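# Topology and contacts: notes
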Amino acid sequence: DRTPLIAGNWKMNLDHQQAVTLVQKLSWILTDADHDFEKVEVAVFPPFTDLRSVQTLVAGDRLPLMYGAQDVSAEESGAFTGEISAQFLSKLGCRYVLVGHSERRTLHGEDDAMANRKLTAALRHGLAPILCVGEGLDVRQAGRHVEHTLAQLRGALEGLSTEQVTDMVVAYEPVWAIGTGEVAGPDDAQQMCAALRADVASRYGEEAAAGLRLLYGGSVKSSNAASILREKDVDGLLVGGASLDEAEFANIVRFEH
Ligand code: 13P
C-alpha cells in the first residue's frame with residue numbers, strides 16, 4: 001500500500017510552544033478543508049524537545065496526524081550522553097524516524113554503516129524509519145548520481161530482511177536541492193525513485209519493491225508539489241522550510257486541489 005506521505009522536517013526550528021501552535025493550526029486548516037488523512041498521510045518531524053507536547057496534543061484531540069523524530073541513537077540504552085533511544089521515541093507515540101539525513105551525514109559524519117545501525121535500532125522498536133539518500137552537486141555534475149545513491153541505499157540496508165525493508169520508507173533528497181531553492185525536476189525525482197525501486201526489487205523481490213514508499217525532498221513548495229507527486233514512482237514528499245508555515249504546508253498536503 002503506497003498511500004502518499006507528506007512529511008514535514010522542521011529541522012532545528014520551533015520550540016515546544018511554537019510546535020503546539022503549528023500543529024493546532026495545521027490540523028484546523030486540514031479538518032476545515034475536509035482533508036482525508038487515509039488518502040494522503042501527514043507527518044511532522046519536530047525537534048526532540050517538542051515531541052512530548054506534540055504527543056499530548058495529538059492524543060488529547062485525537063488528531064489524525066503522525067509524527068516522528070529527526071534522528072535516533074543506534075544504541076539501545078546506557079552511557080551515551082546526549083543520545084535519544086528508539087525506545088524513548090516509540091513510547092512518545094512516534095510512528096516514524098528520519099535516518100541518515102544529509103545534514104547528519106555532512107555535519108555529524110554519519111555514514112552508511114551508521115545509518116544501517118540506526119535503521120536496525122528503529123525497526124527493533126516498531127518505528128518506521130525514513131532513510132534519506134541523495135547525491136551532492138559534484139557527484140551530480142560527474143553524472144554518477146544514480147550509482148552514488150544506490151550505493152547509499154545498499155550500504156544502509158545491509159543485512160536487513162525483506163520484512164524489515166517493507167516496513168521502511170526511503171527519501172531521495174539530492175543535497176544540491178536542499179534549502180537552495182533549486183528543486184530537482186520531476187524527471188530527476190522519477191528517474192532516481194525508479195532506480196531505487198528497481199534496486200529493491202532485484203534484492204528483496206517485486207512485492208517488497210511494489211509496496212515501498214519513496215519520497216522526494218529538496219526545495220518542495222506548494223507550487224511544485226503536484227508536478228513531482230504526479231510521477232509514478234514518487235509516493236510522497238519530505239518538506240523542510242515550507243513545512244514551517246501551516247498554510248503553505250497544508251497546501252502541499254492538498255496538492256490535488
Ligand atoms: P528544504 O525543503 O528546506 O529544501 O529541505 C529539504 C529537507 O532537507 C527535508 O528533509
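Look up: the structure comes first, before these words.
Here is a short report on the structure shown in this document. (Residues numbered from 1 in each chain as written. Predicted model: local features only at pLDDT ≥ 70, side-chain atom pairs only at ≥ 80, totals over all residues. Heavy atoms only, no water.)

### A few points about helix H5 (residues 112-124)
The terminal C-alpha atoms of H5, which comprises 13 residues, lie 18 Å apart, in line with the 18 Å expected from a rise of 1.5 Å per residue. Buried residues of H5: Ala115, Asn116, Lys118, Leu119, Ala121, Ala122 and Leu123, and no others. On the buried face of H5, the contacting elements are helix H3 (86-91), strand S4 (96-99), helix H4 (102-108), strand S5 (128-133), helix H7 (145-157) and helix H8 (162-166). Of the residues one or two after H5, Gly126 is the one with positive phi, at around 75°. (Helix = DSSP H or I, 4+ residues; strand = E, 2+ residues; numbered from the N terminus. Expected span 1.5 Å × (residues − 1). Buried < 20%, exposed > 50% of the residue type's maximum accessible area, 1.4 Å probe, protein only. Contact = heavy atoms within 4.5 Å.)

### Re the nonpolar core
Residues Ile6, Val23, Leu131, Leu157, Leu196, Tyr216 and Leu237 are the most contacted members of the largest nonpolar core, which totals 71 residues. The biggest single contributor to this core is helix H9 (residues 186-204), with eight residues. Not counting chain neighbours up to four residues away, the residues in contact with Leu131 comprise Val99, Arg105, Ala115, Leu119, Leu153, Ala156, Leu157, Met168, Val169, Val170 and Ala171. Ile130, Val169, Ala171 and Leu238 belong to the second-largest nonpolar core, a separate cluster that totals 13 residues. (Core = buried A, V, L, I, M, F, W, Y, C linked by side-chain atoms within 4.5 Å.)

### Things to note about the site of the ligand
By nearness alone, every residue bordering the ligand is listed as Asn9, Lys11, His101, Glu173, Ala177, Ile178, Gly179, Gly218, Ser219, Leu238, Gly240 and Gly241. A distance of 2.9 Å is found between an oxygen atom of the ligand and a side-chain nitrogen or oxygen belonging to Lys11. One nitrogen or oxygen atom from the main chain of Gly240 is found 2.9 Å from an oxygen atom belonging to the ligand. Considering the ligand on its own, with 310 Å² of exposed area, one finds that the protein chains cover 94% of that surface. Looking at side-chain class alone, the shell around the ligand contains three nonpolar, seven polar and two charged residues. (Near = heavy atom within 4 Å. Polar contact = N/O pair within 3.5 Å; in protein donor to acceptor, adjacent residues only side chain to side chain. Areas by Shrake-Rupley, 256 points an atom, 1.4 Å probe, with all protein chains shown as cover. Nonpolar A, V, L, I, M, F, W, Y, C, P; charged D, E, K, R; others polar.)

### A short note on the environment of Gly134
Inspection of the secondary structure puts Gly134 in the loop between S5 and helix H6 (137-141). Expressed as a C-alpha distance, the spacing of Gly134 and Ser219, which sit 85 residues apart in the sequence, is 14 Å. Beyond its immediate sequence surroundings of up to four residues, Gly134 is in contact with His148, Thr149, Gln152, Tyr172, Glu173, Pro174 and Val175.

### What to know about the packing of aromatic side chains
Applying the stated rule across the entire model yields two aromatic pairs. With 6.4 Å between their ring centres and 45° between their planes, Phe45 and Tyr96 make a pair best called tilted. With Phe45 in strand S2 (residues 41-45) and Tyr96 in strand S4, this residue pair connects regions lying 51 residues apart in the sequence. Of the residues examined, Tyr96 reaches a relative accessible area of 1% and is grouped as buried. In this arrangement the basic side chain of Arg95 is found over the ring face of Tyr96, its NZ or CZ atom lying 5.3 Å from the centre. (Phe/Tyr/Trp six-rings, centres within 6.5 Å; stacked < 30°, edge-to-face > 60°. Lys NZ or Arg CZ within 6 Å of the ring centre and 35° of its normal.)

### Points about the environment of Cys132
Tracing the backbone shows Cys132 in strand S5. With a relative accessible area of 2%, Cys132 lands in the buried category. Counting along the chain gives 83 residues from Cys132 to Leu215, while the straight-line C-alpha distance between them is 9.0 Å.

### As for the pattern of salt bridges
Counting across every chain of the model gives 20 salt bridges. For Arg117, the salt bridge is made with Glu75, and the minimal N-O distance between the two is 2.9 Å. Pair noted here: Arg117 is in helix H5 and Glu75 is in the loop between strand S3 (66-69) and H3, with a separation of 42 residues, a long-range link. Between Asp235 and Arg197 there is a salt bridge; the shortest N-O distance is 2.8 Å. Residue Asp235 is found in the loop between helix H11 (222-229) and strand S8 (236-239), and its partner Arg197 is found in helix H9; the two are separated by 38 residues along the sequence. Relative accessible area serves as the criterion here: at 9%, Arg197 is assigned to the buried category. Several salt bridges converge on common partners, so that one network encompasses Arg2, Arg197, Lys232, Asp233 and Asp235. (Salt bridge = Lys/Arg side-chain N within 4 Å of Asp/Glu carboxyl O.)

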